[in-house]
Amino acid sequence: FVQDIYIVTPEPSLVKNVLAKIDISAKTIHMISDDKVLSEEELSLPGWVKQQIIKLKSYKICDSEYILCIGADTVLRKQLLLSDFYENEKIIIHYRRHRQLDGHYIFEQRRTENIYKLLGLGNIRNKQKHDYIFDVFMFNSDVLRKMELYVDKELGGYKTIYPHEIISFDDMVLMGEWSLYVIFVIE
């Protein structure tokens with residue numbers, strides 16, 4: 001169901017050189033520079049933050065109702081279907097339950113707590129705090145549009161809700177694009 005491939009990068013010419021060596025002519029590839037997606041203020045943010053905001057703004061560059069986002073270091077071993085992400089027009093919420101309380105799971109629980117607090121969504125104890133992080137993720141353009149409007153109006157935009165400096169994991173636990181999207185959909 002994927003029609004086109006969009007690659008957003010700070011160095012489009014470097015990526016074009018690499019892609020020239022690979023035969024993926026069955027798909028149209030759109031090469032886009034970071035500065036075509038991000039504002040000047042957002043361009044000054046750390047790379048980890050910029051790549052998340054680019055994903056959240058992907059509806060502005062992809063003329064599609066659904067946007068499949070695949071991590072750059074991810075290899076697909078089976079065919080994906082739209083039904084892996086949507087059932088009867090409803091978004092399927094994917095999450096992981098960890099069998100034991102390990103450091104990663106605690107990190108993701110803290111991240112969801114921080115996002116619930118940021119969005120002002122009431123008593124956190126009653127909320128689902130799961131690990132929503134996946135390297136293959138389907139966005140709905142309408143949800144991304146509504147979420148950006150909400151974040152702009154209520155919180156001052158993505159540039160204000162993300163850390164402006166990443167020094168440690170404590171900075172990274174404040175926000176995550178997948179978790180923000182899922183919590184926005186749930187709530």
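Residues numbered from 1 in each chain as written. Predicted model: local features only at pLDDT ≥ 70, side-chain atom pairs only at ≥ 80, totals over all residues. Heavy atoms only, no water.

## Here we look at the overall build of the chain
For step 1, the next point in the chain: Of the regular secondary structure elements, the chain holds eight helices and six strands.
For step 2, the next point in the chain: In sequence order, the chain lays out its α and β elements as β-α-β-α-α-β-β-β-α-β-α-α-α-α.
For step 3, the next point in the chain: For the chain, buried positions account for 35% of its 187 residues.
For step 4, the next point in the chain: Contacts in the chain between residues at least 24 apart in sequence constitute 71% of all its contacts with a sequence separation of at least 6. (Helix = DSSP H or I, 4+ residues; strand = E, 2+ residues; numbered from the N terminus. Buried < 20%, exposed > 50% of the residue type's maximum accessible area, 1.4 Å probe, protein only. Contact = heavy atoms within 4.5 Å.)

## Describing the packing of aromatic side chains
For step 1, the next point in the chain: According to the stated counting rule, one finds six aromatic pairs in the structure shown.
For step 2, the next point in the chain: Among the aromatic side chains, those forming a connected cluster through ring pairs are Phe137, Phe139, Trp178 and Tyr181. (Phe/Tyr/Trp six-rings, centres within 6.5 Å; stacked < 30°, edge-to-face > 60°.)

## Examining the nonpolar core
For step 1, the next point in the chain: Ranked by size, the top nonpolar core spans 31 residues in total, and within it Leu56, Phe139, Leu144, Met147, Tyr158, Tyr162 and Leu180 carry the most contacts.
For step 2, the next point in the chain: Contributing elements (two or more residues each) for this core: α3 (47-56), β3 (66-70), α4 (103-119), β6 (136-140), α5 (141-155), α6 (158-161) and α8 (177-186).
For step 3, the next point in the chain: It is α8 that contributes the most residues to this core, five residues altogether.
For step 4, the next point in the chain: Once you skip the residues sitting within four places of it in the chain, Tyr162 turns out to touch Val49, Gln52, Ile53, Leu56, Met175, Gly176 and Glu177. (Core = buried A, V, L, I, M, F, W, Y, C linked by side-chain atoms within 4.5 Å.)

## Quick look at the environment of Gly71
For step 1, the next point in the chain: Among the structural elements, Gly71 can be located in the loop between β3 and β4 (86-87).
For step 2, the next point in the chain: Note: C-alpha distance between Gly71 and Phe137 (66 residues apart in sequence) is 8.7 Å.

## Comments concerning the pattern of salt bridges
For step 1, the next point in the chain: Inspection of the entire model under this criterion finds seven salt bridges.
For step 2, the next point in the chain: Note that Lys57 and Glu42 form a salt bridge whose closest N and O atoms lie 2.8 Å from each other. Taken together, the residues span a long stretch of sequence, with Lys57 in the loop between α3 and β3 and Glu42 in helix α2 (residues 40-43) at a distance of 15 residues.
For step 3, the next point in the chain: With relative accessibility at 5%, the residue Glu42 sits in the buried group.
For step 4, the next point in the chain: Across the salt bridge formed by Glu148 and Lys60, the nearest N and O atoms sit 3.3 Å from each other. Pair noted here: Glu148 is in helix α5 and Lys60 is in the loop between α3 and β3, with a separation of 88 residues, a long-range link.
For step 5, the next point in the chain: You can call Glu148 buried: its relative accessible area is 5%.
For step 6, the next point in the chain: Linked by salt bridges that have partners in common, Glu42, Lys57, Lys60 and Glu148 make up one network. (Salt bridge = Lys/Arg side-chain N within 4 Å of Asp/Glu carboxyl O.)

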